[in-house]
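What follows is each chain in one-letter form.
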Amino acid sequence: MTSTTRSIVGTSLIGAKGATSKDQDAIDDTAAGLCAAGVWTSSECAAHGGAR
């Protein structure tokens, strides 16, 4: 389970604080993996994409 979760979520979020564009990219990478895995609904994923 850990390796599956790690492959979906990735490790981009580690150390990201949201203070820079690079941090936001890491947050977006993590959200994209969760959307692709079906963790959130399609409308929730669309809202994240629209917020950017």
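Preceding this section is the structure that the text describes.
Residues numbered from 1 in each chain as written. Predicted model: local features only at pLDDT ≥ 70, side-chain atom pairs only at ≥ 80, totals over all residues. Heavy atoms only, no water.

**Q** Tell me about helix α1 (residues 2-9), residues and numbers included.
**A** Across the 8 residues that make up α1, only a small minority, 0, are buried. One or two steps after α1, the chain reaches G10, where phi turns positive at roughly 80°. (Buried < 20%, exposed > 50% of the residue type's maximum accessible area, 1.4 Å probe, protein only. Helix = DSSP H or I, 4+ residues; strand = E, 2+ residues; numbered from the N terminus.)

**Q** So what's going on with the state of the cysteines? Residues and values would help.
**A** This structure, assessed with the given rule, holds 1 disulfide. Paired through a disulfide, C35 and C45 show a sulfur-sulfur distance of 2.1 Å. Around the S-S axis, the bridge from C35 to C45 shows a dihedral of about -110° and counts as left-handed. Placement of the pair is C35 in helix α2 (residues 21-36) and C45 in helix α3 (residues 42-51), with a sequence separation of 10 residues. (Disulfide = S-S within 2.5 Å.)

**Q** Explain α2 residue by residue, including any values.
**A** Each α-helix turn comprises 3.6 residues. Residues three or four places apart therefore point the same way. For α2, which comprises 16 residues, the first-to-last C-alpha distance of 22 Å matches the rise-based estimate of 22 Å (1.5 Å per residue) to within 8%. All of the buried residues in α2 are D23, A26, D28, T30, A31, G33 and L34. Once α2 ends, the next one or two residues include G38, with phi positive near 80°. (Expected span 1.5 Å × (residues − 1).)

None of the figures reported here should be taken as evidence of function without further support.
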